[in-house]
Amino acid sequence: MELPAVPQPWRYWLLLGAYGLFLLLGAAVFVGVEAPQEAGLQEALRGARAGFVRQHQGCLAEPGLERLLQRVLDADSYGVSALGNVSDDENWDFSSALFFAASVLTTTGYGHTVPLSDGGKVFCIFYTLLGLPATLLLATCLLQQLMGLLSHRPVRYLHTHWGISPDHAALGHAAAMGLSVLGLFILLPALCFWALENGWTFLESVYFCFISLSTIGLGDYVPGRGSPPSLRHLYKISITCYLLLGLLAMLLALETIYELREVHSLVRFFAPPQAPTSPSSEDDDQLEILSHDQLGLATICGATPSGSQADSKADGRVAPHDSPSG
């Protein structure tokens, strides 16, 4: 992929300016789309409150209503609803706590359930300090194994058996993997949420799946609140498993896309220039610097085949070629 010839000092300012414009564009669109909706909702809420006060003027004082509404809002910020039809939905039974732990360790953090006690807040801090590195390590090791099985091997098969060039095979495989993740972990689960969650539209279900698997976790839609009590625990455990598997599939697709030559060309375009190596000795000339391809997320737990070949070259040996296989 040919990129325009831009002087190196200007590339950082170009990237910074483009990102700033992207932020400004997003803010402008959100203001234009959401501000009228917010104004309409506020107006409707003020009208409903005024009508309620007029209807119960003889038996309800407005300061008492204010205190009640404040308590309701405070409880809702801790995940406790004042509505009668969901008041029996516990946030700290085992299945709900498991869902909370998974959302914390995957940095999704929906925000609808938070620790109430000081002890719970302290434990959450130390649990996260230990759990986040462990989650990153586990995800990295799993990605290393899955990248070889589901990404590198199919590309080699397309190249050796079908005669497709490695670049075109990698591009086609990345597109196929992205579409597979979209269908299996976003669209298909969205159909299930659309059928199981009362009041969710298909768009809202797709929105929830994407926001969850991208670890944004806004918390405006949380599944399981309207599920039958007999199936609530199984439903929440199933959602927890879906989030963990879906997050792994999303990372696998992103790592596959990251390894594309076009992506590396774009990264090298904005990357700072490398300092030239000094030919001080013959051994230094034989050392092969680890390429940027090997610095991806999937190579932290172990060396890739190209890394092994680099080590063999550094030792003065020639690594044998892998025989073409499917």
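See above for the structure.
Nothing here was measured: the structure is a model prediction, and the numbers come from that model.

For V72, the location among the structural elements is in helix α2 (residues 62-77). Assessed through its relative accessible area of 31%, V72 is described here as partly exposed. In sequence terms V72 and A82 are 10 residues apart; their C-alpha atoms lie 6.2 Å from each other.

Given two aromatic rings, their pairing is described by the distance between the two centres and the angle made by the two planes. Counted under the stated rule, the structure contains 12 aromatic pairs. Taken together, a centroid distance of 5.5 Å and an interplanar angle of 25 degrees make the contact between F123 and Y127 stacked. Taken together, the positions of F123 and Y127, both in helix α4 (residues 118-162) and 4 residues apart, correspond to about one turn of that helix. With a relative accessible area of 54%, F123 lands in the exposed category. Over the aromatic face of F269 sits the side chain of R11, whose NZ or CZ is 4.4 Å from the ring centroid.

Relative to the assigned elements, V114 resides in the loop between α3 (94-105) and α4. In this structure, the C-alpha to C-alpha distance between V114 and Y78, residues 36 residues apart in sequence, is 5.8 Å. The residues contacting V114, other than those within four sequence positions of it, are S77, Y78, W92 and F100.

Take the packing of helix α1 (residues 8-55) against α2 next. Where α1 meets α2, the axes come as close as 11 Å, and the angle between the chain directions of the two elements is 135 degrees. Of the possible angle classes, the one that applies to α1 and α2 is oblique. Read as a crossing pair, α1 and α2 show a hand that is right-handed. Where α1 approaches α2, its residues R49, F52 and V53 are matched on the opposing element by E62, L65 and E66. A per-class count over the contact of α1 with α2 returns 3 nonpolar, no polar and 3 charged.

Under the criterion given, the structure shown has 3 salt bridges. Across the pair R46 and E43 runs a salt bridge, and its minimum N-O distance is 3.1 Å. Placement of the pair is R46 and E43 together in helix α1, with a separation of 3 residues, close to one helical turn. For R49, the salt bridge identified is with E66, shortest N-O distance 2.0 Å. Of this pair, R49 sits in helix α1 while E66 sits in helix α2, and the two are 17 residues apart along the sequence. Residue E66 is classed as partly exposed on the basis of its relative accessible area of 37%.

What counts, and where the lines are drawn
- Residues numbered from 1 in each chain as written.
- Predicted model: local features only at pLDDT ≥ 70, side-chain atom pairs only at ≥ 80, totals over all residues.
- Heavy atoms only, no water.
- Helix = DSSP H or I, 4+ residues; strand = E, 2+ residues; numbered from the N terminus.
- Buried < 20%, exposed > 50% of the residue type's maximum accessible area, 1.4 Å probe, protein only.
- Phe/Tyr/Trp six-rings, centres within 6.5 Å; stacked < 30°, edge-to-face > 60°.
- Lys NZ or Arg CZ within 6 Å of the ring centre and 35° of its normal.
- Contact = heavy atoms within 4.5 Å.
- Axes fitted to C-alpha atoms, helices over the stretch in contact; angles between N-to-C directions.
- Parallel < 35°, antiparallel > 145°, perpendicular 65-115°, else oblique.
- Left-handed = near helix turned anticlockwise from the far one by under 90°.
- Nonpolar A, V, L, I, M, F, W, Y, C, P; charged D, E, K, R; others polar.
- Salt bridge = Lys/Arg side-chain N within 4 Å of Asp/Glu carboxyl O.

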